[in-house]
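Spelled out, the chains give:
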Amino acid sequence: MLSLRRLLQPRTVRLVRTSTTVGATPAEDASPASESVDTASRPRKFKPRRPNISRAHPREWHRPLAFGVLPAYDEALKYIKADSETLKGEVRNLYAKLEEAKAAPDADAEVIRKLEKKIDILEVQSHVNLPEVRWKVKNGMADMSSAVDRHIIERRWREEGRLDELMERVHQMFVVPDVVPHLHPSLDVRVTYPEYISGRSHSDSSDKRQHKLVEPGTFLDPEQTIRPPKLYTDVFHTDTRLYTLLMVDPDVPDEANHTFQTYLHWLQPNVALSATSPSPIDVNTHTEYIPPHPQKGTPYHRYTILLLPQKAHITVPIFDKDQRHAFSVRDFIEKYELDLSAGGGAFMWREVWSNAVTTIYSDIIGVEEPRYGKPPKPDRYAGSKGRNKYFKY
């Protein structure tokens, strides 16, 4: 009932601008001691003898115990390999039946489909328990063109907590239903932003901060999100499908109606994704990215990224900076026939106002920064102030 009320009734909020003129914040005097860097406490970085394990620098799996050290381990490996060979034999027999079914003059499409589906299942089962396969996937050497590697990665995403954590944050913080009516992710979206360093300016050309993986629902500083994030995806379908990327903020004050409205930060239609698509994806060629800028005096803002499945190629006009307010995600989905039931991806985090927002308004958006606060309470005794209430003149 609570979610239904939130969906049917707009949230009311009494926020008023306290000042439209934002004064320059005086810079704090930094003492020489604060500018000095304690290099003695930093660990020294030694060049490793060989690079870390990755797809660019792969390694081969070696059994952790020599043969004969632990007989139970030897028997387990023998059993796993024997089971794998048995399943591979079944796959070969099914391939022979499949060729016969296709060569038959009255080929039955339903029989062929069932045989192909069974072959796909058995091919995964014949490799999924092999220790060398699991070791390569766990150490970042997965091949997304391989059905067994995709199966292991998808099962880890669905069963080891990452998807559960995302859905928990999305529902706890009412992204559903405030942004979209329902959400059923079918692909994994990971977001990275630079780590936060106090006092670092976005205009610093020497900024070489390392990007860190963001957890769903966490708080970021507006200074971290001035530049677009890097988006990494794990896609589990082999065919190429089109998606629309949206980044919105549903918590921008709507002063006229005493409620909140949605602001469009980023838009990229026709993003082609498949299991073998490169990551991070290139999505900054349509409606340009405008950094999050939570207004001063407002509660935290929920910044939401959506990858919505398309049914076909769509043509969407580019949104200018002055066309981003009052954006309706539901109307956009309906207008371009995006299919929420087909899955897609999602991510969200939170931000509150900081000094970096003032810079974003002046340098990037180019408008005066608003400030909000609670409306002043009426003074019931204003008429009696300055008058002696005990004597009448």
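Everything that follows concerns the structure shown earlier in this document.
Residues numbered from 1 in each chain as written. Predicted model: local features only at pLDDT ≥ 70, side-chain atom pairs only at ≥ 80, totals over all residues. Heavy atoms only, no water.

A separate point is the sheet that holds strand 2 (residues 188-194). Ordered by their spatial adjacency, three strands build an open sheet running 3-2-4, and the pairing between neighbours is antiparallel. Looking at the sheet topology across the chains shown, the edges are occupied by strand 3 (211-213) and strand 4 (230-234). Recorded for the sheet is a direction-independent mean angle of 30 degrees between the axes of neighbouring strands. As paired strands, strand 2 and strand 4 are joined by five bridges and run antiparallel to one another. When the bridges of strand 4 are listed, valine 189 appears paired with threonine 233. (Pairing = 2+ DSSP bridges. Helix = DSSP H or I, 4+ residues; strand = E, 2+ residues; numbered from the N terminus. Axes fitted to C-alpha atoms, helices over the stretch in contact; angles between N-to-C directions.)

Let us now look at the sheet that holds strand 8 (residues 345-351). An order of 6-5-7-8 is seen for the four strands of this open sheet, with the pairing classed as antiparallel. Edge positions in the open sheet fall to strand 6 (259-273) and strand 8, since each of these has one partner strand only. Across the sheet, the axes of successive neighbouring strands diverge by a mean angle of 15 degrees, strand direction being ignored. Direction of pairing for strand 7 (residues 301-309) relative to strand 8: antiparallel, over a ladder of seven bridges. When the sheet's bridge partners are listed, leucine 306 is paired in strand 8 with alanine 346.

As a further point, take the nonpolar core. Within the largest apolar cluster, 26 residues are counted, with the highest numbers of intra-cluster contacts made by Val180, Leu246, Leu306, Phe327, Val329 and Phe332. Only helix 7 (162-172), helix 8 (175-178), strand 5 (241-254), strand 6, strand 7, helix 9 (329-335) and strand 8 provide two or more residues apiece to this core. Formed by 22 residues, the second largest nonpolar core is a distinct cluster that contains Tyr193, Leu231, Val283 and Leu307. (Core = buried A, V, L, I, M, F, W, Y, C linked by side-chain atoms within 4.5 Å. Buried < 20%, exposed > 50% of the residue type's maximum accessible area, 1.4 Å probe, protein only.)

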